[in-house]
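Inside the fold
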Amino acid sequence: MRVLVIGGAGYIGSVAVKKLIEQNNDVVVLDALYTGHRKAVNPKAKFYQGDIENKFLVSQILRQEKIEAVMHFAAYSLVPESVQKPLKYYDNNVSGMIALLEAMKDADVKYLVFSSSAATYGIPKKLPITEDSPLNPISPYGETKVMMEKIMHWADKADGIKSIALRYFNVAGAASDGSIGEDHSPETHLIPNILKSAVSGDGKFTIFGNDYDTKDGTNVRDYVQIEDLIDAHVLALKYLVKTNKSDVFNLGTAHGYSNLEILQAARKVTNIEIPYTMGPRRAGDPDSLVADSAKARTILGWQPQHENAEDVMASAWKWHQTHPQGYADK
Ligand SMILES: O=c1ccn([C@@H]2O[C@H](COP(=O)(O)OP(=O)(O)O[C@H]3O[C@H](CO)[C@@H](O)[C@H](O)[C@H]3O)[C@@H](O)[C@H]2O)c(=O)[nH]1
């Protein structure tokens, strides 16, 4: 297929580009390069620099490149930043989705695979979380993802644009050939922050809160390895084209690990005694997010290969050891 990957130079998008190319798709990337990850642009994909909100540019690319399907990875995704800068999130995420769907309508492109989030559920009433659990986000970020899903729903009804929303739990790890890893700026994610501290030995790692209603008081999350996550995207695209039906799937492993358990896994994998400070809670963090991913496994035939935290950690550690400064090194 001819696929446009928007946000294809980001952490998750660049792994999608790599996998789509490996599976003989023709891939075009559109990325604003706000993160400066020019080195993550795959040389085998045709590249356009630009913003998803530029619907004229998007529409032109869709027509010119005869695109058949779009994967959208171009939303802002940091929970704490969204609490501090909500307007930035509503503007980029919601306006970006509207512009993209308008461009797709204009260019008559019918298929969209979208990165949604477990942050749409807010504080779940029961675990693990199924796709029909109520959507009650507690951060502006989570709320933008709910709004984006709703916009997709109505664009399907009115314009026949079929979409799959993949609600990610916590994505982590690196590409198995060591080419792509996690490097945000500023870095706010748990596993990269632990491993950066392991590499630098700065002793500055902090856990945000130990007074949550969880097994050890720290937040519980479900860590899905990035290549497993992208396998689900490829399966979702095939399913969408085959069934011509919009749908939503959780992507997680169904195993929940507390922040302290993740630190333990890092200590075991790295063999480094990573010191930490126990800090106050961070705004926008639900106690526990653990996926029921039976729907993706049954309907899409998804089989994540990394089922435990140490596997995911080992994949992340390989990249952090070889890229102590992230993408700035190479
Ligand atoms: O230095 C750090 C960084 C994070 N945490 C904690 O680690 C947990 C995980 O945080 P983080 O890695 O920032 O991920 P989340 O905030 O859970 O959000 C991720 O996972 C969500 C789904 O669960 C996605 O929607 C988001 O896009 C993605 O950033 C939370 O309890 C944080 O408070 C720390 O204790 N110390």
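Residues numbered from 1 in each chain as written. Predicted model: local features only at pLDDT ≥ 70, side-chain atom pairs only at ≥ 80, totals over all residues. Heavy atoms only, no water.

**Things to note about the site of the ligand**
Around the ligand, a shell composed of 24 residues is seen, among which Ser117, Asn170, His189, Asn219 and Asp285 lie nearest. One of the backbone N or O atoms of Ser77 is found 3.0 Å from an oxygen atom in the ligand. Contacts to the ligand include Asn193, whose side-chain N or O atom sits 2.9 Å from an oxygen atom. Contact with the protein chains covers 94% of the free accessible surface of the ligand, which is 690 Å². Broken down by secondary-structure element, the contributors of at least two residues to the shell around the ligand are α6 (190-200) and β8 (206-208). Of the residues that constitute the shell around the ligand, the class distribution is 12 nonpolar, nine polar and three charged. (Near = heavy atom within 4 Å. Polar contact = N/O pair within 3.5 Å; in protein donor to acceptor, adjacent residues only side chain to side chain. Areas by Shrake-Rupley, 256 points an atom, 1.4 Å probe, with all protein chains shown as cover. Helix = DSSP H or I, 4+ residues; strand = E, 2+ residues; numbered from the N terminus. Nonpolar A, V, L, I, M, F, W, Y, C, P; charged D, E, K, R; others polar.)

**Focus: α6**
If you check which residues of α6 are buried, you get Leu190, Ile191, Pro192, Ile194, Leu195, Ser197 and Ala198. Elements in contact with the buried residues of α6: β7 (170-172), β10 (223-225), α8 (259-270) and α10 (309-322). Where α6 ends, the next residue or the one after it, Gly201, has phi of about 65°, a positive value. (Buried < 20%, exposed > 50% of the residue type's maximum accessible area, 1.4 Å probe, protein only. Contact = heavy atoms within 4.5 Å.)

**A closer look at the environment of Gly181**
Looking at the element boundaries, Gly181 is found in the loop between β7 and α6. Sequence separation between Gly181 and His323 is 142 residues; the distance between their C-alpha atoms is 8.6 Å. If sequence neighbours within four positions are ignored, Gly181 has contacts with Tyr11, Ala174, Trp319 and Tyr327.

**Notes on the pattern of salt bridges**
In the structure shown here, the tally under the stated rule is 21 salt bridges. One salt bridge connects Asp231 with Lys19, and the closest N-O pair in it is separated by 2.9 Å. Highlighted residues: Asp231 in helix α7 (residues 226-243) and Lys19 in helix α1 (residues 11-22), separated in sequence by 212 residues. Classification of Lys19 as buried rests on a relative accessible area of 14%. Linked by salt bridges that have partners in common, Arg2, Asp26, Lys46 and Glu65 make up one network. (Salt bridge = Lys/Arg side-chain N within 4 Å of Asp/Glu carboxyl O.)

**What to know about the packing of aromatic side chains**
Here the structure, examined in full by the defined rule, presents four aromatic pairs. Centroid distance Tyr76 to Tyr89: 5.5 Å. Interplanar angle 50°. Geometry classified as tilted. Separated by 13 residues along the polypeptide, Tyr76 in the loop between β4 (69-72) and α3 (79-84) and Tyr89 in helix α4 (residues 86-107) bring together distant segments of the chain. By relative accessible area, Tyr76 is classed as partly exposed at 24%. For Tyr89, a relative accessible area of 0% corresponds to the buried category. Three or more aromatic residues link up through ring pairs in this structure, and these residues are Tyr76, Tyr89 and Tyr141. In this arrangement the basic side chain of Arg281 is found over the ring face of Tyr212, its NZ or CZ atom lying 3.9 Å from the centre. Here the basic side chain of Lys295 rests over the ring of Phe249, its NZ or CZ set 4.9 Å away from the ring centre. (Phe/Tyr/Trp six-rings, centres within 6.5 Å; stacked < 30°, edge-to-face > 60°. Lys NZ or Arg CZ within 6 Å of the ring centre and 35° of its normal.)

**Considerations on the domain arrangement of the protein chain**
Each assigned domain of the protein chain is listed with its residue range as follows: domain 1 (2-172 + 224-251) and domain 2 (190-221 + 254-322). The partner domain 2 presents 24 residues to the 30 residues of domain 1 that form the contact. Both sides of the domain 1 and domain 2 interface together cover about 2,400 Å² of buried area, and 70% of this is carbon and sulfur. Counting the surface domain 1 buries against domain 2, the share from its top three residues, Gln225, Asp228 and Phe249, is 21%. In this structure, Lys295 and Asp247 form a salt bridge, with 2.6 Å as the shortest nitrogen-oxygen distance. Among the secondary structure elements, those contributing two or more residues to the side of domain 1 that touches domain 2 are α3, β7, β10, α7 and β11 (247-251). (Domains from an automatic or database assignment. Buried area = accessible area lost by both parts, 1.4 Å probe.)

**Quick look at the confidence of the model for the protein chain**
Within the protein chain, residue pLDDT values average 94, and 98% of them lie at 70 or more. The complex prediction reports pTM at 0.95, with the ipTM value standing at 0.97. (pLDDT = per-residue confidence, 0-100.)

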